[in-house]
Amino acid sequence: MVVSNYLVTGGAGFIGTNFVRHLLAHTDARVVVLDKLTYAARAESVTSLPADRVELVHGDICDAELVNRLVGDADVVVHFAAESHNDNSLNDPSPFVQTNLVGTYQLLEAVRRHGVRYHHISTDEVYGDLELDDPDRFHEWTPYNPSSPYSSTKAGSDLLVRAWVRSFGVQATISNCSNNYGPFQHVEKFIPRQITNVIDGERPKLYGAGLNVRDWIHVDDHNAAVLRIIEAGRIGETYLIGADGEENNKTVIEAILRLMGRDPEDYVHVNDRPGHDLRYAIDSSKLRSELGWAPRYTSFEEGLAATIEWYRDNEDWWRPMKAATEAKYERTGQ
Ligand code: NAD
Ligand code: TDX
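Throughout what follows, the structure given in this document is the object of discussion. Here the structure is a predicted model, which is why all the values come from computation and not from measurement.

Conventions used here
- Throughout this document, residue positions are counted from 1 along each chain, in the order its sequence is written.
- Working convention: letters from A go to chains and numbers from 1 go to ligands, in the order in which they are written.
- Given that this is a predicted model, residues contribute local features only at a pLDDT of at least 70 and side-chain atom pairs are listed and counted only at 80 or more, while totals for whole chains, interfaces and linings are drawn from all residues.
- Note that water and hydrogens are dropped before the side-chain values are worked out from all heavy atoms of the structure.
- A helix here means a DSSP run of H or I that spans at least four residues, while a strand means a run of E at least two residues long, and both kinds are numbered starting from the N terminus.
- Using C-alpha atoms as the atom set, the radius of gyration is obtained and then compared with a globule rule of 2.2 Å times the number of residues to the power 0.38.
- Any residue under 20% of the maximum accessible area for its type is buried, any over 50% is exposed, and the rest in between are partly exposed; the area is computed with a 1.4 Å probe on protein chains only.
- It only takes one pair of heavy atoms within 4.5 Å for two residues to be counted as in contact.
- Here the accessible surface of atoms and residues is derived via Shrake-Rupley with a 1.4 Å probe, and residues count as covered only by protein chains that are part of the display.
- In summary, the charge assignment counts Lys and Arg as positive and Asp and Glu as negative, without counting His or the chain termini.
- By convention, charge coordinates are those of NZ in Lys, CZ in Arg, CG in Asp, or CD in Glu.
- Being near a molecule or strand, for a residue, comes down to having at least one heavy atom within 4 Å of it.
- In protein, a polar contact requires one atom able to donate a hydrogen and another able to accept it; more generally it is a pair of N or O atoms within 3.5 Å, and residues adjacent in sequence count only if both atoms are side-chain atoms.
- Gly is placed with the polar residues, together with every amino acid not listed as nonpolar (Ala, Val, Leu, Ile, Met, Phe, Trp, Tyr, Cys and Pro) or charged (Asp, Glu, Lys and Arg).
- Whenever a carboxyl oxygen of Asp or Glu lies within 4 Å of a side-chain nitrogen of Lys or Arg, that contact is scored as a salt bridge.
- A strand pair is defined by DSSP finding two or more bridges across the two strands.
- To be clear, the arc concerns the directions from the helix axis to the C-beta atoms.
- For this analysis, a ring pair means two rings from Phe, Tyr or Trp (six-membered ring only for Trp) whose centres lie within 6.5 Å, classed as stacked if their planes differ by under 30 degrees, edge-to-face if by over 60, and tilted for the remaining angles.
- For a lysine, the NZ atom is tested; for an arginine, the CZ atom; a charge sits over a ring if that atom is within 6 Å of the ring centre and within 35 degrees of the ring normal.
- As used in this record, nonpolar core signifies buried Ala, Val, Leu, Ile, Met, Phe, Trp, Tyr and Cys residues forming a set joined through side-chain atoms within 4.5 Å.
- Note on method: axes are straight lines fitted to C-alpha atoms, helices fitted across the in-contact stretch only, with angles between N-to-C directions ranging 0 to 180 degrees.

Looking now at the overall build of the protein. Tallying secondary structure elements over the protein gives twelve helices and 13 strands in all. A compact globule built from 334 residues should have a C-alpha radius of gyration of about 20 Å, and the protein, at 19 Å, falls within 12% of that. Each principal axis of the C-alpha distribution contributes one length, and for the protein these read about 55 × 45 × 35 Å. Out of the 334 residues belonging to the protein, those deemed buried represent 57%. Considering only contacts within the protein whose residues lie at least 6 apart along the sequence, 81% involve residues at least 24 apart. Element-wise, carbon and sulfur atoms account for 48% of the exposed surface of the protein, whose accessible area totals about 13,700 Å². The averaged location of the 50 negative side-chain charges in the protein is 2 Å from the averaged location of its 33 positive side-chain charges.

Time to look at the site of ligand 2. Around ligand 2 sit 22 residues, and of these Thr123, Glu125, Tyr150, Arg273 and His276 come closest. Within the backbone of Tyr207, an N or O atom sits 2.9 Å from an oxygen atom of ligand 2. Separating an oxygen atom of ligand 2 from a side-chain N or O atom of Asn249 is a distance of 2.9 Å. For ligand 2, the accessible surface in isolation is 660 Å², of which the surrounding protein chains cover 94%. Those elements that provide at least two residues to the shell around ligand 2 are helix 7 (190-199) and strand 8 (205-207). Split by residue class, the shell around ligand 2 holds six nonpolar, nine polar and seven charged.

We now examine the site of ligand 1. The immediate surroundings of ligand 1 are formed by 28 residues, with Ile15, Asp35, Ser84, Tyr150 and Lys154 found nearest. Contact between ligand 1 and Ile15: an oxygen atom at 2.8 Å from a main-chain N or O atom of the residue. Contacts to ligand 1 include Asp35, whose side-chain N or O atom sits 2.5 Å from an oxygen atom. When the free accessible area of ligand 1 is taken as 840 Å², the share hidden by the protein chains comes to 97%.

Counted according to the given criterion, the structure contains 20 salt bridges. In this structure, Asp266 and Arg203 form a salt bridge, with 3.0 Å as the shortest nitrogen-oxygen distance. Taken together, the residues Asp266 in the loop between helix 9 (249-259) and strand 13 (268-270) and Arg203 in the loop between helix 7 and strand 8 connect sequence positions 63 residues apart. On the basis of relative accessibility, which here comes to 23%, the residue Asp266 falls in the partly exposed class. With relative accessibility at 40%, the residue Arg203 sits in the partly exposed group. For Asp244, the salt bridge goes to Arg288, with nearest N and O atoms at 3.7 Å.

Attention now moves to the pairing of strand 4 (residues 76-79). Neither face of strand 4 is left uncovered, since the one carrying Val76 and Val78 and the one carrying Val77 and His79 both have all their residues buried. The pairing of strand 1 (residues 5-9) with strand 4 spans four bridges and is classified as parallel. Note on strand 4: the bridge partner recorded for Thr9 is His79. When strand 4 meets strand 5 (residues 117-123), the two strands line up parallel, connected through four bridges.

On to helix 3 (residues 64-72), then. At 3.6 residues per turn, the α-helix brings residues three or four places apart onto the same side. Among the residues of helix 3, those classed as buried are Leu66, Val67, Leu70 and Val71. All buried residues of helix 3 fall inside an arc of 125° around its axis, so they share one side. Of the exposed residues in helix 3, those oriented more than 90 degrees away from the buried face are Glu65 and Arg69. Of the surrounding elements, those touching the buried residues of helix 3 are strand 1, strand 2 (30-35), strand 3 (54-58), strand 4 and helix 5 (94-114).

Throughout the structure, instances matching the rule amount to 15 aromatic pairs. An angle of 50° between the planes, with centres 4.8 Å apart, marks the rings of Phe184 and Trp310 as tilted. Residue Phe184 is found in the loop between strand 7 (180-181) and helix 7, and its partner Trp310 is found in helix 11 (residues 300-313); the two are separated by 126 residues along the sequence. Members of the aromatic cluster, joined through ring pairs, are Tyr181, Phe190, Trp216 and Phe300. When the ring centre of Tyr39 is taken as reference, the NZ or CZ atom of Lys328 above it lies at 4.6 Å.

In terms of burial, strand 1 is largely enclosed, as four of its five residues are buried. Here strand 1 runs beside strand 2; their pairing, made up of five bridges, is parallel. Following the sheet pairing, Asn5 is matched in strand 2 by Arg30.

By size, the foremost hydrophobic cluster in this structure holds 58 residues, and its most contacted members are Tyr6, Phe19, Ile191 and Ile241. In this structure, Leu66, Val71, Leu107 and Ala110 belong to the second largest nonpolar core, which totals 22 residues.

Let us now look at the sheet that holds strand 4. The strand order 3-2-1-4-5-6-11 describes an open sheet built from seven strands, whose pairing is parallel. Since the sheet does not close on itself, it has two edges, and those belong to strand 3 and strand 11 (238-241), each with one partner. The average undirected angle you get between the axes of adjacent strands in this sheet is 20°. Bridge count between strand 6 (residues 172-177) and strand 11: four bridges; the pairing is parallel. Within the sheet, the bridge partner assigned to Ile174 lies in strand 11 and is Thr238. Helix 6 (residues 149-168) contacts strand 5, strand 6 and strand 11 of the sheet and is inclined by roughly 155° relative to strand 5.

Rendered as structure tokens:
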């Protein structure tokens, strides 16, 4: 399918802005970004892109009239917009219910009305967590078992998509990806928080004992998979995206400190996250065998080193968010 007009929700956030850049580099598409510009967004991440190909619309995915109009002008909708941070969802779940559930509902109603192709971005957290010694990983058929307000609202949004496909014939695909890292990620998230702490001469902050495992993937590999699914995925199908990148948090903090020329032991333990998921792990065989996707970042250390360089070179981008983020963590002893 050759698509010319994309509507990308959440395109001023981390993965969305990287996706828009991926589209500009690899397709001839024109892109409209719909973004509420919450605390997590930077408008400049979109407005700095070529104006003849990318337009930023400042608005809310819960606004039915606006969503209906923008979807009516699009060939495909790629839905990244979400409240995305677990710790925030524990402090105040309400925007998570509103944006992740009601916002997805409004998009589904609009794509249903206009018959527009829809791709839904989701997370591996919908499957709950695994034991450290479980030989199994998450598959497309793993039952949903989300733990947090964030992951449960993402799970609910995925189920809305499945129901709209079956009941109304909406032309949708879903992808559930593991933990992303790379440029333009908000400093509230684990890896950029620690990199910017080290730049600021602060010690990295590890939740609990740090044995929790995340399955890391570079954001460009995630977005290449998303484009592949839009171009060649089967309607109604779910694809898991992951790059075999399991690491525990302690190892990641030590790697960041080492790569930044600091003592790998020079970090502090802070309060653990309530209900903290132990381990995520993705089996992405379906995506690889059916659609021929493979990650390009096969060395986590190299991807991490490049990400550290990006934060060193782009202090103007992250500095305005740093103090308020740390003040928020201060209140929960994290
Ligand atoms: P992010 O928090 O960096 O960006 C979210 C964007 O959505 C922001 O630009 C924000 O302004 C926008 N937004 C929020 N509420 C909105 C609303 N009501 N209307 C319009 N725009 C709104 O998030 P991210 O990390 O880039 O995640 C993007 C998507 O990918 C989310 O759906 C998330 O669940 C999913 N995902 C993230 C990861 C990860 O590791 N970050 C992994 C798997 C899946
Ligand atoms: O300072 C910290 N110290 C720490 O040990 C922070 C911010 C986090 N952590 C731990 C908690 C997690 O085990 O690091 C791990 C990663 O934390 P986050 O970056 O908050 O990510 P996570 O909760 O795993 O969720 C992320 O991946 C899945 C994204 O935020 C979600 O949007 C995505 O769905």
